[in-house]
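One-letter residues, chain by chain:
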Amino acid sequence: MSADVITWELNPGRPALVRVPAFAGLAEGCDWLRAHERELTEALHRHGTIFLRGLPVAAAEDVAAVRDVLIPEPTPYREKATPRSDFGNGVFSSTDLAAALPIRMHNENSYTLTFPGRLLFACLIAPEEGGATPTADVRKVLAGLPAHLAERGRTSGWTLGRSYSDYVSLPWRTAFATEDPAEVERYCRENGITWEWLEDGNLRTSQLRPAIIRHPHTGEEAWFNHLAFWSEWSLDPDIREAMVDEFGPDGLPFSTGFGDGEPLTREDVDALNTAYEAATVRETWQAGDVMLVDNVLCAHGRDPYRGDRRIAVAMGRPVDVLDCRPTVLPTTAVAA
C-alpha cells in the first residue's frame, strides 16, 4: 500500500480498518497521521469508529504521542464513575472492572455538560480470549429504537441519580476529586446537579440531561446517554435483587429514567439494549492497534476476556452539550 493512499477495509460487523504502512519508528508514524488527518477525520465522521493497525505503539508514552496528534485538546475526566489506573501524561487504563464482566454500551461522560468529542483506545497487551472494545453507531441506535421510546427521549431527556459510598460505586471524594464538601456543592451548582448530604456523610445527586443531541460538525442526530447503561434492569437479575435488598430502590449506586417521571420498565431497557446490539461492531485486539472513536456518534463497551489485557485510553476534543442542539436543556429540575 502506498503511504499516500488510505485503503479502508469495510466488513460487516467490524469497524472501518486501515493497515498503516511499515514505519521506521513512532515519529514517522505520527508524521503519517498528521499528513492524513483530514482523511482520517472524514472517515471518523462517516463511520463513527476507525481502527488503525500497524502503528509502532508499545507503551503509554507512545499512546500519548499518538494522542497529541489525533486529539491534542485534552478533556478532564469529570464526575468520575468507574475506577481507572493512571498511566501518566493524560493516559489511563480502560475501566478496571473484573475480566468476566461485560461493560454495556455508553457514550463517555454523556452526563456532564462538557464531554470528550474523541476517544482513543490503544492495545498494549492483547487478551488471550475476548476483550474486544465494541462500538455502536448511535445514529443507527436512534433509528432502531421503538418510536415511543425515541419520542420520550426527545421530549423529556433522561435522568441520572447517583448514590456515592465507600462500598459500592465510588466515594464522592474520588468522583469529585476533592475532600471539601463545599467544592462538591460549588461544582454541582455550576453544572446543574441537585445534591443531598446523607446522615452518614455520603452524597446523593440527581440531574436531567438530553437523550438526543446533534453532532457539532455533521449535524446528525445521535442517541447520546447512559440511560440503559445504568438502569437497574441492565443488571444481572441476581445482582439487582441483592442490591435492592441491601440499599433499597432509592439507594442504588446509579439509577436512570426518562425526564417525564414515568419509570423505565424491563421491556423498555431490553428494547434499548437490542437497538445497541443491532448497531454494534467489534474487532479483535492486536498489540499496537489504535482505535479512534467519535464519542458523539458512537457508544462503546467491553467484552469479557481471559488473560492479561492492557488497553490504554485518552480523551480529548472537548464538546459543550449546548453546542450540540440538545432537544432538552440540561438542568437540575428532575420531573417528580
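Residues numbered from 1 in each chain as written. Predicted model: local features only at pLDDT ≥ 70, side-chain atom pairs only at ≥ 80, totals over all residues. Heavy atoms only, no water.

Trainee: Please give an account of the sheet that holds strand 2 (residues 49-53) that cites residues and values.
Mentor: Ordered by their spatial adjacency, 7 strands build an open sheet running 1-2-16-6-19-4-3, and the pairing between neighbours is mixed. Lying at the two open borders of the sheet, with one neighbouring strand each, are strand 1 (16-19) and strand 3 (86-88). Mean inter-strand twist for the sheet, computed between neighbouring axes without regard to direction, equals 25°. In the sheet, strand 2 pairs with strand 16 (residues 290-294) via 4 bridges, with the strands oriented antiparallel. (Pairing = 2+ DSSP bridges. Helix = DSSP H or I, 4+ residues; strand = E, 2+ residues; numbered from the N terminus. Axes fitted to C-alpha atoms, helices over the stretch in contact; angles between N-to-C directions.)

Trainee: Give me the packing of aromatic side chains: which residues, what numbers.
Mentor: For the structure on display, the rule yields 9 aromatic pairs. When the ring of Phe23 is compared with that of Trp32, the centres are 6.1 Å apart and the planes differ by 55°; the resulting orientation is tilted. Classification of Trp32 as buried rests on a relative accessible area of 6%. Taking the centre distance of 5.7 Å and the plane angle of 70° together, the rings of Phe176 and Tyr187 count as edge-to-face. Taken together, the residues Phe176 in the loop between helix 6 (172-175) and helix 7 (181-190) and Tyr187 in helix 7 connect sequence positions 11 residues apart. Each member of the pair, Phe176 as well as Tyr187, is classed as buried. Among the aromatic residues, those joined into a cluster by ring pairs are Tyr111, Phe229, Trp230 and Phe254. Positioned over the ring face of Trp233 is Arg240, at 4.0 Å from the centre of the ring. (Phe/Tyr/Trp six-rings, centres within 6.5 Å; stacked < 30°, edge-to-face > 60°. Buried < 20%, exposed > 50% of the residue type's maximum accessible area, 1.4 Å probe, protein only. Lys NZ or Arg CZ within 6 Å of the ring centre and 35° of its normal.)

Trainee: Before we move on, can you summarise the environment of Ala16 with the specific residues and values?
Mentor: Along the chain, Ala16 falls in strand 1. Each C-alpha atom, one on Ala16 and one on Ala43, is 8.2 Å from the other, the two residues being 27 residues apart in sequence. Residues contacting Ala16, with those up to four places away along its chain left out, are Trp8, Glu9, Leu10, His47, Thr49, Ile50 and Phe51. (Contact = heavy atoms within 4.5 Å.)

Trainee: Provide a residue-level description of the pattern of salt bridges, including the pertinent values.
Mentor: A full pass over the atoms with the stated rule returns 23 salt bridges. In this structure, Asp68 engages Arg67 in a salt bridge whose closest nitrogen and oxygen atoms are separated by 2.6 Å. Look at the salt bridges and you will find they share partners, linking Arg14, Arg53, Glu283 and Asp289 into a network. (Salt bridge = Lys/Arg side-chain N within 4 Å of Asp/Glu carboxyl O.)

Trainee: Help me get a handle on the nonpolar core, residues and values and all.
Mentor: Counting residues in each nonpolar core, the largest one holds 39 residues, and the members touching the most others are Phe115, Val141, Trp223 and Tyr276. For this core, the secondary structure elements donating two or more residues are strand 5 (103-106), helix 4 (138-144), helix 5 (147-156), strand 9 (158-164), strand 12 (212-214), strand 13 (221-223), strand 14 (254-258) and helix 9 (266-278). (Core = buried A, V, L, I, M, F, W, Y, C linked by side-chain atoms within 4.5 Å.)

Trainee: Break down the packing of helix 5 against helix 9 for me, with residues and values.
Mentor: One way to put it is that helix 5 packs onto helix 9 with a least axis distance of 10 Å and a crossing angle of 95°. By the criterion of interaxial angle, the relationship of helix 5 to helix 9 is roughly perpendicular. Contact with helix 5, carried on its side by His148, Leu149 and Arg152, involves Asp268, Ala271 and Leu272 of helix 9 and no other residues of that element. When grouped by side-chain class, the residues that make up the contact of helix 5 with helix 9 number 3 nonpolar, 1 polar and 2 charged. (Parallel < 35°, antiparallel > 145°, perpendicular 65-115°, else oblique. Nonpolar A, V, L, I, M, F, W, Y, C, P; charged D, E, K, R; others polar.)

Trainee: Mind laying out helix 1 (residues 26-35), listing which residues take part and the relevant values?
Mentor: Taken as a whole, helix 1 has its buried residues at Leu26, Gly29, Cys30, Trp32 and Leu33. Looking straight down helix 1, one finds its buried side chains confined to an arc of 155°; they lie on one side. When the buried face of helix 1 is taken as reference, the exposed residues oriented beyond 90 degrees from it are Ala27 and Ala35. Close packing links the buried residues of helix 1 with helix 2 (37-47), strand 2 and helix 3 (60-70). (Arc of directions from axis to C-beta.)

Trainee: Quick one: what's the story with the environment of Gly117, residue by residue and with numbers?
Mentor: With respect to the helices and strands, the residue Gly117 is situated in strand 6 (residues 114-125). Not counting residues within four places of it along the chain, the set of residues in contact with Gly117 comprises Val293, Asp294, Asn295, Val296, Gly316, Arg317, Pro318 and Val319.

Trainee: Requested: an account of the side chain of Glu283, with residues and values cited.
Mentor: Within the secondary structure, Glu283 sits in the loop between strand 15 (280-281) and strand 16. At 3.2 Å, the side chain of Glu283 forms a polar contact with the side chain of Arg53. (Polar contact = N/O pair within 3.5 Å; in protein donor to acceptor, adjacent residues only side chain to side chain.)

Trainee: Could you give me a rundown of the packing of helix 1 against helix 3, with the residues and numbers involved?
Mentor: Where helix 1 meets helix 3, the axes come as close as 9 Å, and the angle between the chain directions of the two elements is 20°. When the interaxial angle is binned, helix 1 and helix 3 end up roughly parallel. You can see that helix 1 and helix 3 cross each other, and the crossing is right-handed. Between helix 1 and helix 3, the residues in contact are Leu26, Cys30, Leu33 and Arg34 and Asp62, Ala65, Val66, Val69 and Leu70, respectively. Looking at side-chain class alone, the contact of helix 1 with helix 3 contains 7 nonpolar, no polar and 2 charged residues. (Left-handed = near helix turned anticlockwise from the far one by under 90°.)

Coordinates in, geometry out; function isn't part of it.
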